[in-house]
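# Close look at the chain arrangement
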Amino acid sequence: MYGQFSLVSRLISPAFSWSHSGANGRSRIGTGTWGVRVHQDFNGLPSLNILSDDILVDHIFDYLMVEDILCLRMVNRLFYNLTHHGIIWKRFLRRIGPNVPALPPSQHYSPNFLTSFEAERLVIRAITVHKNWILPNPPAASYLPVQAHRHILSMVVLPGGKYLVASACNLAKTHYSLVVYVLDHRICGIVPLAETPVRGKAYNICAKYMNVEGTPSIVIGYIRRKTLKNHQSTNSIDPSIYNPYLNNPRCQIDAPMPLEYVATCLQISLDALDALGNPILVPGSQEFFDFAASQPPPFRFLGHLRSDSELRNVDLGEVDGVPNMVVAKMPETIVMKELTFDGAISTFKCAREITLSQQEQPICNFRLLPLQGQILVVRSTNRPRLAPPNPSPGGPPIIPDVMFTVAMFPTPDPGDTEAGEFNPLSIASFYGKDIEDFQISDPHVPNDQGRNFLPPPINIFYRNESGGRICHMIISPTPRESAPEAFRSTGKPHYAITNLRSNMMHRLSFKNDESRTVCRTFVIPGCLRSLFYSIPRDNRSDTLSVRNFSGHLLSKRGDDAYSIMRRETLQNILRNVPKHRETMLGQFNLPSYILDHIRDGVTAIAWDEGTGRIFYSKPHETMLHILDMAQTPLETISGQRHPIPLEDERMLDL
């Protein structure tokens, strides 16, 4: 990568200009060359060792890129120690802006308390996940199975990949719970820190960092089903294992008996998690359990909603500084509940698109935009279609055309339970066939609000053609100069339906011997990096036979405004610019043993685009499996960095 002395030559070059207090006075002594300021050994090369640590770290190293720092680390023990200094890596963090994985809003992860190792890990993760993701066939840097101690049914990763929330149960599926895992524990890596029982399987989990009554917390929303009391019997179905979907999520199987739906919200303080995750306490030790038993219960109940109508989607957000839970009450109603002592509830019905106003238009998915005070809602309905007069016997089924709408609705006033029907502020209509499974990305706020970084777009994905094709739509943020005055003055992102555009369609198939397997593809959406995974179209079980994973880009060659901003910001600290792939979709290059592992069956999958990690669980076991798309520095449980430098008598003792 570099010549033998290229890095050293750059450091000692006479053309290298810098200044500090007292430099002008010393420059008048002797010849005024570099040799005056640096100890000159006339029997060998000049040495930088005589310079103070402050000069090296604060001035010299400030001119270096990440590759330079890593090369300099291999020179000797002095530079090995200096290049691990936290100020170097925190400077890099500031320079790469929104490429930094989001951090929990707790004191433990604040800039003043961030360790040098954690700062370096964040920088290296951001670089390597970007380099791997834009390759034609992204590779996995590592694979790690860990003991989760529970069978994981579904899970979500908090932004930044520090915590994972899982809906879990025992292997007999008789006891259900929610478990919070810390993902970067110094001693054990991935550790379950807190668990709370749930009366039945928790599904549609949503977890976000929020401020609840001044306490930085993780807020968890979920839905569970239960059988109505007057319908309970020994022959009742188990609502925790009941699956209302057969093939197409728009065509549900009617439950054999009425069910009640409960949307619940819990809070767990980040300070409590930081205390339980203290590396001084070895997880699983008696000291750990004694300390945990001495603490208050980590989970706190915030509120719930009950309904005889199906509750399908959950989202969370702080609207005007007040935490809220938002739920879709099928078929066409949105319910909001403030997560406060009063717990004010407000509801409204989404007005139907006028051309098909006689038909029900059920909610497919929605996304709360708390900074905008609006809710993005996707709905669909079948267009009436006349059957042919003489249908051919045994012919293909007639698939009705589907109209779906993407609309922006205002949030209702708190406590307004009779808001009635809300007309959309703006709406766009589209038509297609056999449309299903809408997924909407969460445009979380960039890390650094003090700089003019472009906000992320909102990505909308859905399937059609019996699940064989993925369609992508994108809502770009309104340019600040064109945004409403309230958004121009505050710098908050603004999203408008007028910015919506259809981006691309993708069809995935995978080779199997001499044939190709036609697949149904699923999407875990991200702001920049979305994860695709595919299963055979004829797979009908809850255990997914995943053929492979694929990485999605916002545009070909990453030439959209947001991708360019992210890439250029990251390249501020890189000497070598990685080559970008031409296509939007890149199928992963995974070892055969991993492909066999995921094709044998997967129960749940989660994805964190910031750190580039895929988490999945398998049926009939209590393991959690991690595919890491990024490389990270290593350290021992005592905090010793790897690799350990060799002894060198010529170096200074530090």
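In this report, we go over the structure that sits alongside the text.

Conventions and cut-offs
Numbering of residues begins from 1 in every chain and follows the order in which that chain's sequence is written. Only residues with pLDDT of 70 or above have their local features reported here, since the model is predicted, and side-chain atom pairs are shown and tallied only from 80 upward, although totals for entire chains, interfaces and linings are computed over all residues. The side-chain figures draw on all heavy atoms in the structure; neither hydrogens nor water molecules are used. In this description a helix means any DSSP run of H or I spanning at least four residues, a strand means any run of E spanning at least two, and both kinds are numbered starting from the N terminus. Partly exposed describes any residue whose relative accessible area lies between the buried limit of under 20% and the exposed limit of over 50%, with all areas from a 1.4 Å probe on protein chains only and scaled to the type maximum. Any two residues whose heavy atoms approach within 4.5 Å are treated as being in contact. We get accessible surface area from the Shrake-Rupley algorithm with a probe of 1.4 Å; when it comes to residues, only the shown protein chains can shield them. A pair of strands is considered paired only if DSSP assigns at least 2 bridges between the two. Only C-alpha atoms enter the line fits that serve as axes; for helices the fit covers just the stretch in contact. Angles between N-to-C directions range over 0 to 180 degrees. A side-chain nitrogen of Lys or Arg and a carboxyl oxygen of Asp or Glu constitute a salt bridge if their distance falls within 4 Å. In this analysis, rings of Phe, Tyr and Trp, with Trp reduced to its six-membered ring, are considered paired at centre separations within 6.5 Å, and the interplanar angle assigns stacked below 30 degrees, edge-to-face beyond 60, and tilted for intermediate values. A ring is scored as having a charge over it whenever the NZ atom of a lysine or the CZ atom of an arginine sits within 6 Å of its centre and within 35 degrees of its normal. Our angle categories are set so that under 35 degrees counts as roughly parallel, over 145 as roughly antiparallel, 65 to 115 as roughly perpendicular, and the remainder as oblique. Should the near helix be turned counterclockwise from the far one by less than a right angle, the crossing is left-handed, whereas a clockwise turn marks it as right-handed. Following the grouping adopted for this structure description, the nonpolar residues are Ala, Val, Leu, Ile, Met, Phe, Trp, Tyr, Cys and Pro, the charged ones are Asp, Glu, Lys and Arg, and the polar ones are all others, Gly among them. For our purposes a nonpolar core is just a set of buried Ala, Val, Leu, Ile, Met, Phe, Trp, Tyr and Cys residues, chained together by side-chain atoms within 4.5 Å.

## Section: the overall build of the protein chain
- Per the secondary structure count, the protein chain includes 13 helices and 32 strands.
- By residue count, 52% of the 654 residues in the protein chain fall in the buried class.
- Restricting to contacts in the protein chain with at least 6 residues of sequence separation, those with at least 24 account for 63%.
- When the accessible surface of the protein chain is summed, it comes to about 30700 Å², and 52% of that surface belongs to carbon and sulfur atoms.

## Remarks on the sheet that holds strand β18 (residues 426-433)
- The sheet built from 4 strands is open, its strands ordered β14-β15-β16-β18 with antiparallel pairing. Two strands close off the open sheet at either side, each with one partner strand: β14 (363-369) and β18. Pairs of neighbouring strands in the sheet enclose a mean axial angle of 15 degrees, with direction left out of account.

## Regarding the pattern of salt bridges
- Tallying each qualifying case throughout the model produces 24 salt bridges.
- Between Arg 300 and Glu 213 there is a salt bridge; the shortest N-O distance is 3.4 Å. With a gap of 87 residues between them, Arg 300 in strand β9 (residues 299-307) and Glu 213 in the loop between β6 (203-212) and β7 (215-227) connect regions that are remote in the sequence.
- The partly exposed category is assigned to Arg 300, whose relative accessible area is 37%.
- Beyond isolated ion pairs, a larger network of salt bridges with shared partners links Glu 118, Arg 121, Lys 162, Asp 184 and Arg 613.

## Some thoughts on the side chain of Thr 405
- Structurally, the position occupied by Thr 405 is in strand β16 (residues 401-410).
- What Thr 405 contacts, discounting residues up to four positions off in sequence, is Glu 353, Val 377, Val 378, Arg 379, Ile 427, Ala 428 and Ser 429.

## Considering the packing of aromatic side chains
- Scanning the model with the defined rule gives 16 aromatic pairs in all.
- Grouping aromatic residues by their ring pairs yields a cluster made of Trp 133, Phe 522, Tyr 533, Phe 549, Phe 588 and Trp 607.
- Taking NZ or CZ as reference, Arg 225 lies 4.3 Å from the ring centre of Tyr 203, over its face.
- Directly above the aromatic system of Phe 522 lies the positively charged group of Arg 463, at a separation of 4.4 Å from the ring centroid.

## Thoughts on the environment of Val 198
- Here Val 198 is to be found in strand β5 (residues 189-198).
- Residues Val 198 and Ser 167 lie 31 residues apart in sequence; the distance between their C-alpha atoms is 9.0 Å.
- When residues no more than four places from it in sequence are discounted, the contact partners of Val 198 are Tyr 176, Ser 177, Leu 178, Tyr 222 and Arg 224.

## Considering the pairing of β5
- In the sheet, strand β4 (residues 176-185) pairs with β5 via 8 bridges, with the strands oriented antiparallel. Bridging from a neighbouring strand, Tyr 181 pairs with Pro 192 of β5.
- As consecutive antiparallel partners, β4 and β5 are separated by 3 residues.

## Considering the packing of helix α7 (residues 86-96) against helix α8 (residues 116-133)
- Interaxial distance between α7 and α8 falls to 8 Å at its minimum, and their mutual angle equals 40 degrees. Our classification of the angle between α7 and α8 gives oblique. Crossing angle aside, the handedness with which α7 passes α8 is left-handed. Residues Gly 86, Trp 89, Lys 90, Phe 92, Leu 93 and Ile 96 of α7 lie in contact with α8, whose contacting residues are Ser 116, Ala 119, Glu 120, Leu 122, Val 123, Ile 124 and Ala 126.
- When the residues that make up the contact of α7 with α8 are grouped by side-chain class, the tally is 9 nonpolar, 2 polar and 2 charged.

## Here's the deal with the nonpolar core
- The biggest cluster of nonpolar side chains holds 56 residues, and the ones touching the most others in it are Phe 61, Val 66, Trp 89, Tyr 163, Ile 218 and Ile 220.
- Sort the elements by how many residues they give to this core and α8 lands first, with 6 residues.
- Sequence-distant contacts of Phe 61, defined by excluding residues within four places in its chain, comprise Leu 56, Ile 69, Leu 72, Phe 79, Leu 82, Thr 83, Ile 88 and Arg 91.
- Grouped together as the second largest cluster of nonpolar side chains are 25 residues, Ile 524, Phe 549, Ile 594 and Ile 605 included.

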